[in-house]
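# Remarks on the overall topology
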Amino acid sequence: MPLAKLQSMKGFQPIVCLTAYDYNIAKLLEEEQVDIILVGDSLGMVVLGYGSTKEVTMEDMLRHTGAVRRGALTSFIVADMPFGSDETPEKALENAGKLIDGGADAVKLEGKPGIAEHLARHGMQVMGHTGLLPQTAPEFRVQGKDKAGADLILKEAKDLEKAGCFAVVLESIPADLAEKITSMLKIPTIGIGAGPYCDGQILVINDMLGMFEDFRPKFAKRYAQVNELVKKAVKSYIKEVKQKRFPGEEYSFS
Ligand code: KIV
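Residues numbered from 1 in each chain as written. Predicted model: local features only at pLDDT ≥ 70, side-chain atom pairs only at ≥ 80, totals over all residues. Heavy atoms only, no water.

Near the ligand, the surroundings consist of Thr19, Leu38, Gly40, Asp41, Ser42, Asp80, Lys108, His129, Val169, Glu171, Ile192 and Val204. Within the side chain of Asp41, an N or O atom sits 3.0 Å from an oxygen atom of the ligand. The side chain of Ser42 places a nitrogen or oxygen atom 2.5 Å from an oxygen atom of the ligand. For the ligand, whose free accessible area comes to 260 Å², the fraction covered by protein is 95%. Counting atoms within 2 Å of the grid points, the majority share of the ligand lands in the largest pocket. Partitioning the shell around the ligand into residue classes produces four nonpolar, four polar and four charged. (Near = heavy atom within 4 Å. Polar contact = N/O pair within 3.5 Å; in protein donor to acceptor, adjacent residues only side chain to side chain. Areas by Shrake-Rupley, 256 points an atom, 1.4 Å probe, with all protein chains shown as cover. 1 Å grid on protein atoms, 1.4 Å probe; cavity = no way out; pocket = protein on both sides within 12 Å on 5 of 7 lines; lining within 4 Å. Sits in = over half its atoms within 2 Å of the grid points. Nonpolar A, V, L, I, M, F, W, Y, C, P; charged D, E, K, R; others polar.)

Quantified by volume, the largest pocket comes out at close to 930 Å³. For the largest pocket, the lining is made up of 45 residues, of which Ile192, Gly193, Ile202, Leu203 and Phe219 are closest to its centre. Taken together, the elements giving at least two residues each to the lining of the largest pocket come down to strand S1 (15-19), helix H3 (43-46), strand S6 (167-171), strand S7 (189-192), strand S8 (200-203) and helix H9 (205-208). By residue number, the principal contributor to the lining of the largest pocket is S1, which donates five residues. Its residues placed into classes, the lining of the largest pocket shows 25 nonpolar, eleven polar and nine charged. (Points joined across faces, edges and corners; volume = space filled by probe spheres on them. Helix = DSSP H or I, 4+ residues; strand = E, 2+ residues; numbered from the N terminus.)

Centre distance and the angle of the planes are the two values used to describe a pair of aromatic rings. On inspection of all chains with the given rule, the structure shows four aromatic pairs. Plain terms: the ring middles of Phe76 and Phe166 are 5.6 Å apart, the flat faces sit at 80 degrees to each other, and that makes the pair edge-to-face. Of this pair, Phe76 sits in strand S3 (residues 76-80) while Phe166 is found in the loop between helix H7 (147-163) and S6, placing the two residues 90 residues apart along the sequence. Each member of the pair Phe76 and Phe166 is classed as buried. Ring geometry for Phe140 against Phe215: centres 5.8 Å apart, planes inclined by 70 degrees, an arrangement best described as edge-to-face. Here the residue Phe140 occupies a position in the loop between strand S5 (126-131) and H7, and Phe215 occupies one in the loop between H9 and helix H10 (226-242), the gap between them amounting to 75 residues. Judged by its relative accessible area of 38%, Phe140 falls in the partly exposed class. Judged by relative accessible area, Phe215 falls into the partly exposed class, the value being 39%. Among the aromatic residues, ring-to-ring pairing joins Tyr237, Phe246 and Tyr251 into one connected group. (Phe/Tyr/Trp six-rings, centres within 6.5 Å; stacked < 30°, edge-to-face > 60°. Buried < 20%, exposed > 50% of the residue type's maximum accessible area, 1.4 Å probe, protein only.)

This is how it looks when you write it as structure tokens:
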């Protein structure tokens, strides 16, 4: 979907976003016409088994961005700038360029309006991210509950818009703060744990499919129990192999 169309959805039609990390899921999301696919650095935890998103490298992001693009040839794909890849304007520009060359339409970075501005000025499509910033947060909890915290998030959201971001992710903030930010910005807000008043919503696909159980945030509604299906299928396979019922004639060559 072209960026202008996405932005014109603000106030008219909720924007549907999901993360994807591989070819197959990306293909399914494209078939179902998800508006934005994010190759999130949540990759590190839900796919690669790292302890945090801090361990995700550019190499990881490039491999998975390529896989997602091969599955979703026409979707609007955003790739996360991994921890440390955006620490200076020059480094951020070089790494953002690699992610775009690797298949992304846009990049997302956590906070850092100054860096976002540098990227946007050099022609990159940039998605902002404020509220809970997993790459640097000391702990995962709701942000902006007191006035001082809320003011900082509101200011950062405004600064990200001013920097030229085309949209901003609001993560783990009270619903009324997200509503206020959404009404003050011209660009769409995409919420995760930010209540119902954002212009769009995003979830980590492994959370919503019930494929990741190490950590379960309150906002991560389960729409399926894929782990249960996998366990059931594996149990059946083990049983059939042990009982020498698989492979039967129909799965063998004569
Ligand atoms: O990495 C990620 O999946 C994200 C979403 C939670 C917005 O940044």
